[in-house]
Amino acid sequence: MEREVKFATKCVHAAEKPDPAFGAHTTPIFQTSTFIFENAEQGAARFAGEEPGYVYARIPPNTPTHAVLAEKFAALEGGEAGQTFASGMAAITAVVLTTLKQGDHLISTDVVYGCTYSLFSEVLPGLGIDVSFVDTSKIENIKRAFKPETKMVFIETPANPTMTVCDIAEISGLAREHGVICVVDNTFATPYFQRPLELGADVSLSSCTKYIGGHADLLGGIVAGKKDFMKCLATIVGYTGGIMGPHEAWLCIRGLKTLHIRMERHAENAMKVAEFLESSPRVEWVRYPGLPGHPQHELARKQMSGYSGMLSFEVRGGVEAGRKLMDNVRLCSLAVSLGATDTLIQHPASMTHACVPLVVRKRVGITDGLVRLSVGIEDPEDIIADLKQALEII
Ligand SMILES: *Cc1c(COP(=O)(O)O)cnc(C)c1O
C-alpha cells in the first residue's frame with residue numbers, strides 16, 4: 001500500500017493534477033457554465049449519472065476547479081468526498097435541507113455563528129422543523145434534548161464568540177446511538193487543528209471565507225463527509241445552487257496550500273496575545289482554549305492539535321471601555337469576519353451577534369463587553385504593542 005503523506009504535503013499536493021490539455025502546473029480556473037458532450041449518448045449518460053464527468057457548473061462536481069478544491073479539502077478533513085458552496089451559510093443551509101424535513105427536530109449548540117442562529121431560530125421553524133438550542137459543552141443537556149423526531153445534532157466548537165469547546169467524540173457517539181447525524185462547524189479550528197470526521201462526526205463544514213481562503217478576499221463554504229451523505233447533498237446542491245464561483249475555488253486551492261503554515265503562526269501569535277491580555281490589569285477576563293484557565297482547556301488539548309487564532313476578552317469598564325479600545329487600535333482592523341492574515345477586532349453584541357436576542361446572549365455568555373479578536377500573522381510584538389497602547393487610552 002502506498003504510504004499516506006502528511007498533512008502539510010496534502011495541503012500542497014492533494015488532488016492537484018497537471019492540466020491534461022496544456023500541462024499547466026497549477027489548477028486552471030474553469031470559467032465556464034456548461035460542458036460540451038462528445039455525442040448525445042454521452043450527454044444522456046452524464047445526466048443519468050452512469051458516466052462521471054461535468055455537465056453544467058451548478059450540478060456537482062461543478063467544474064474541474066471546484067472538483068480539485070472539494071477533493072483537497074476532503075483529503076485534509078479525512079472525508080470521502082467534499083462539496084464547495086458560495087458561502088459558509090449556503091453550506092449550512094444545504095446540509096440542513098439534505099437532512100431535515102417538516103416534523104423533524106434539530107439539536108444545536110446554543111452559541112453558534114450569528115446567522116446560523118438566525119437560520120435555525122427564524123427560518124427552520126417556518127418549515128416545520130423544531131430546534132432546541134442547548135449548551136453542548138455538557139453532554140447531559142444533549143441527552144435530555146433528544147426526541148423521537150430528532151434527526152441531527154449540530155455543534156460548533158470552538159464556538160463563536162465565547163470559545164466554548166464541546167466534546168466531538170462523545171457527542172458523535174451519542175448521535176450514533178440515536179441513529180442521527182452529527183454535523184460540526186469546524187470554521188474556527190480548521191482541519192489543521194481539528195478533524196471532526198476522525199473523531200466520529202458524520203459531516204464537517206467550514207466557511208472558506210475565514211482560514212481556508214485565509215486572506216479576507218473571498219466568500220465560500222465547504223463540506224466534507226461520507227460518500228452516502230455527500231451524494232444526497234450533491235442532489236440538493238443541483239436543485240438549490242448556491243455553489244462557489246470558479247475564481248473563488250481557485251483562490252481557496254491557493255489558500256489551502258499555505259494553511260498549515262498560516263495556522264501555526266495564527267496559533268502561536270494568539271497564545272502570546274492571550275497571555276498578554278491575561279496579564280493586563282485593564283482586562284477583566286480572556287477566553288482562549290490554549291490558556292490553562294479556559295473552562296474546557298483539557299478537552300481542547302485532547303481533541304485539537306493546536307488552539308487556532310481566535311480569542312475573546314472583556315475590558316474592565318464593560319461595553320464603553322471595549323468600544324474605546326476598538327476605536328483606538330491602529331494596526332488591528334475594526335472589522336467582522338476572521339481568519340485573515342491581518343488581525344481583526346470586533347464587538348459581537350452590536351455586530352456579528354446583534355441578531356441574537358439579548359436574553360439569549362446573556363444566557364450563553366456573549367456579554368455586552370465581549371470583544372472578539374482574530375489574531376493575524378503579523379509580528380506578535382506589533383499586535384501586542386497596538387493593543388497595549390489602545391488599552392492605555394481607556
Ligand atoms: C463566518 C462563519 C460562518 C458563515 O460563513 P459565511 O462564509 O460568512 O457564510 C459559519 N460559521 C462560522 C463559525 C463562521 O465563523
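Cut-offs and rules
- Residues numbered from 1 in each chain as written.
- Predicted model: local features only at pLDDT ≥ 70, side-chain atom pairs only at ≥ 80, totals over all residues.
- Heavy atoms only, no water.
- UniProt positions renumbered as here; feature names shortened; annotations may be inferred.
- Helix = DSSP H or I, 4+ residues; strand = E, 2+ residues; numbered from the N terminus.
- Rg over C-alpha atoms; globule rule 2.2 N^0.38 Å.
- Buried < 20%, exposed > 50% of the residue type's maximum accessible area, 1.4 Å probe, protein only.
- Contact = heavy atoms within 4.5 Å.
- Areas by Shrake-Rupley, 256 points an atom, 1.4 Å probe, with all protein chains shown as cover.
- Pairing = 2+ DSSP bridges.
- Axes fitted to C-alpha atoms, helices over the stretch in contact; angles between N-to-C directions.
- Near = heavy atom within 4 Å.
- Polar contact = N/O pair within 3.5 Å; in protein donor to acceptor, adjacent residues only side chain to side chain.

Per an unreviewed UniProt entry, the protein chain goes by PLP-dependent aspartate aminotransferase family protein and derives from Methanosarcina baikalica. Per UniProt, the comment on the protein chain under Cofactor (unreviewed entry) is "pyridoxal 5'-phosphate".

Participant: Would you mind going over the overall build of the protein chain with me for this structure?
Facilitator: Tallying secondary structure elements over the protein chain gives 16 helices and twelve strands in all. By the compact-globule yardstick of 21 Å for 394 residues, the protein chain fits well, its C-alpha radius of gyration being 21 Å. Out of the 394 residues belonging to the protein chain, those deemed buried represent 57%. Looking at the protein chain alone, contacts between residues at least 24 apart form 72% of all its contacts between residues at least 6 apart. Counting only carbon and sulfur atoms, one obtains 54% of the accessible surface of the protein chain, whose full area is about 17000 Å².

Participant: Just to check I follow, could you spell out the sheet that holds strand 5 (residues 181–185) for this structure?
Facilitator: Neighbouring strands of a sheet are bound in pairs by backbone hydrogen bonds; such pairs are parallel or else antiparallel. A sheet is described by the order of its strands in space; here seven strands give the open sequence 1-7-6-5-4-2-3, paired in mixed fashion. Here the strands that pair on one side only, and so sit at the sheet edges, are strand 1 (81–85) and strand 3 (130–134). Within the sheet, the average angular offset between the axes of one strand and its neighbour, ignoring direction, is 20 degrees. Where strand 6 (residues 203–207) meets strand 7 (residues 221–225), five bridges bridge the pair, whose relative direction is antiparallel. Across the sheet, the residue bridging to Ser-206 is Ile-222, located in strand 7. The strands touched by helix 7 (residues 168–177) are strand 4 (150–156) and strand 5; relative to strand 5, the strand with the most contacts, the crossing angle is about 150 degrees. Of the strands in this sheet, strand 1, strand 5, strand 6 and strand 7 touch helix 10 (residues 227–240), which is tilted by about 25 degrees from strand 1.

Participant: What is the right way to read the environment of Lys-231 from this model?
Facilitator: Assignment of secondary structure puts Lys-231 in helix 10. On the basis of relative accessible area, Lys-231 is assigned to the exposed category, the value being 65%. Along the sequence, Lys-231 and Gly-82 sit 149 residues apart, while their C-alpha atoms lie 9.8 Å from each other.

Participant: Whenever I open this one, the environment of Gln-296 confuses me. Can you help?
Facilitator: Within the secondary structure, Gln-296 sits in the loop between strand 8 (283–287) and helix 13 (297–303). Separated by 159 residues in the primary sequence, Gln-296 and Ser-137 have C-alpha atoms spaced 8.2 Å apart. Discounting chain neighbours no more than four positions away, the residues touching Gln-296 are Ser-137, Met-163, Thr-164 and Val-165.

Participant: Would you explain the site of the ligand in this entry?
Facilitator: Looking at the ligand, there are 15 residues lining it, with Gly-88, Asp-185, Ser-207, Thr-209 and Lys-210 nearest. Ser-87 is positioned such that a nitrogen or oxygen atom in its side chain is 3.4 Å from an oxygen atom of the ligand. A distance of 2.8 Å separates an oxygen atom of the ligand from a polar atom in the backbone of Gly-88. Relative to its unbound accessible area of 380 Å², the ligand is 95% covered by the protein chains. When contributions to the shell around the ligand are tallied by element, the ones reaching two or more residues are helix 4 (88–99) and helix 9 (208–212). Counting residues per element, the shell around the ligand draws most heavily on helix 4, which supplies three residues.

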